[in-house]
Amino acid sequence: MNMSRPDVLVIGGAVIGSAAAHFLCEMARPPQVLVLERDPTYTGCATTRSLASIRHQFSTPLNVAISMFGTAFIREAAQRLEVPGTPAVDLVFREAGYLFLASAAGREQLEANHAVQRACGADVALLDPEALRQRFPWLHVDDLAAGSLGLRGEGWIDAHALMHGLRRRAAWRGARWQHAEAVSLEREGSRVVAVRLADGTRLSPGLVILAAGTRAAALAATAGIDLPVRARRRCVFRFRSPERAPGCPLVIDPSGVYVRPEGDGYLCGVAPGEHEDPDVAPDDFEVDHALWEERLWPVLAQRVPGFEAARVGSSWAGHYDVNVLDHNAIVGLHPDVDNLLFANGYSGHGVQQAPAVGRALAEWVEHGGWRTLDFRPLGWSRVLRGEPLREVNVV
Ligand SMILES: Cc1cc2nc3c(=O)[nH]c(=O)nc-3n(C[C@H](O)[C@H](O)[C@H](O)COP(=O)(O)OP(=O)(O)OC[C@H]3O[C@@H](n4cnc5c(N)ncnc54)[C@H](O)[C@@H]3O)c2cc1C
């Protein structure tokens, strides 16, 4: 491969960049793919700090379809990501479902989402409080109006195993990874003619795929494009409890607090309201320790009385790559630039979307348009028109 003139240059080599490289390299006549990654330890990226959960319970049909392919890919990962002579990929899929809980105020929205999900073929069930009590006797249901439970295909995986499996297979099929940071996109008219690296090197790829997570907006700005994706901090806490909560899915309380099992304990966090969700620097990983005491534990102890005796352990902060327009990804070309594909703004659901986005990008490269799934609803048009495709089921 001519490293300074690859056919496709992917900026960012975490789960989205690796998925793009993987699907590109599975093409009958794969292009030369070079992936730039500024941090080969992957310590700060969202993929590493994610909860790596997958659900079909979205309010946007395309998001449901994207995650349904995500589940299919997860199930087939050992075959799809096989590299002869190396151990099989194990994504450790724990198919325990998501359980969205609604009070009377949220019931209508829950039912509307449910109708969308069922129409898309998702295996989800609406449960009334009595059915919830019978299925999850450890759950306090008296203040609830309904719950929506994913019966199949939802749960959580090992995000690192997915990323490394995609990367390993792509590398085996010919993709190259380079430890380097892209600092600017040099644009002439409707084309990116070069990508400048931190060490001063200039690369001249045929096509650029921008998969740089929370740092994508800064790069897009160097090409004169305002990408509305911002880093927003999310804190995750581990806790232990004598309550075993048998069959516990990923539970989302009406307050936005979520909890799911992990190992011999639990992970929890909360989706903040828009007004309490400032932009942060992509290297600001400070944990808001007060969250546990003030927001999480009171809700958890009320929702699962056995969690009254919870003991908080470690915690971490990571960044959602939030599309501030509508909490949905922005995938595809900007109308002003012909050779720059965006793959950004997953707003907290990028791990599960990686397989479908990777496939879509590769299909676009091969055919010049979307194929298996029509990604137009997630394209730039609605951003430029200022018409949000709002995803209401944000966790
Ligand atoms: C706390 C938390 C929980 C989450 N839970 C879930 C979940 O349950 N399910 C789910 O689906 N998603 C979840 N997400 C979201 C998910 O992690 C992200 O949407 C997804 O990882 C985005 O992948 P990415 O590859 O686009 O970005 P990232 O993982 O952030 O990777 C971007 C990569 O680009 C590299 N890079 C950046 N700039 C440059 C540059 N200029 N040059 C070269 N390389 C560059 C970075 O080093 C990084 O490796 C969660 C996120 C967080 C923070």
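Residues numbered from 1 in each chain as written. Predicted model: local features only at pLDDT ≥ 70, side-chain atom pairs only at ≥ 80, totals over all residues. Heavy atoms only, no water.

## Some remarks on the sheet that holds strand β10 (residues 191-197)
Taken together, the three strands give an open sheet; going across it, the order is β9-β10-β11, and neighbouring strands pair in antiparallel fashion. In this open sheet, the two edge strands, each paired with only one partner strand, are β9 (182-188) and β11 (202-203). In this sheet, β11 lies alongside β10 in antiparallel orientation, the contact comprising two bridges. Following the sheet pairing, Val195 is matched in β11 by Leu203. (Pairing = 2+ DSSP bridges. Helix = DSSP H or I, 4+ residues; strand = E, 2+ residues; numbered from the N terminus.)

## Section: the environment of Pro61
As for its position among the elements, Pro61 is in helix α3 (residues 61-75). The exposure class assigned to Pro61 is partly exposed, which follows from its relative accessible area of 46%. Sequence separation between Pro61 and Glu186 is 125 residues; the distance between their C-alpha atoms is 36 Å. Contacts of Pro61, omitting those with residues within four sequence positions, involve Val116 and Cys120. (Buried < 20%, exposed > 50% of the residue type's maximum accessible area, 1.4 Å probe, protein only. Contact = heavy atoms within 4.5 Å.)

## A short note on the site of the ligand
Around the ligand, a shell composed of 38 residues is seen, among which Glu37, Thr47, Ser53, Ala182 and Gln352 lie nearest. At 3.4 Å, a backbone N or O of Val15 approaches an oxygen atom of the ligand. For the ligand, a nitrogen atom lies 2.9 Å from a polar atom in the backbone of Ala182. Residue assignment for the shell around the ligand shows that the elements contributing at least two residues are α1 (15-25), β2 (33-37), α2 (46-49), β13 (229-240), β17 (311-323) and α10 (350-367). Per-element accounting of the shell around the ligand gives the leading share, four residues, to β17. (Near = heavy atom within 4 Å. Polar contact = N/O pair within 3.5 Å; in protein donor to acceptor, adjacent residues only side chain to side chain.)

## Overview of the environment of Arg135
Assignment of secondary structure puts Arg135 in helix α6 (residues 129-135). For the pair Arg135 and Cys248, spaced 113 residues apart in sequence, the C-alpha to C-alpha distance is 9.9 Å. Setting aside chain neighbours within four positions, we find Arg135 in contact with Leu127, Leu149 and Leu151.

## Quick look at the environment of Asn393
In this structure, Asn393 sits in the segment after α11 (380-385). Sequence separation between Asn393 and Asn113 is 280 residues; the distance between their C-alpha atoms is 8.1 Å. When near neighbours in sequence (up to four residues on either side) are disregarded, Asn393 contacts Arg55, Gln57, Phe58, Ser59, Phe100, Asn113 and Gln117.

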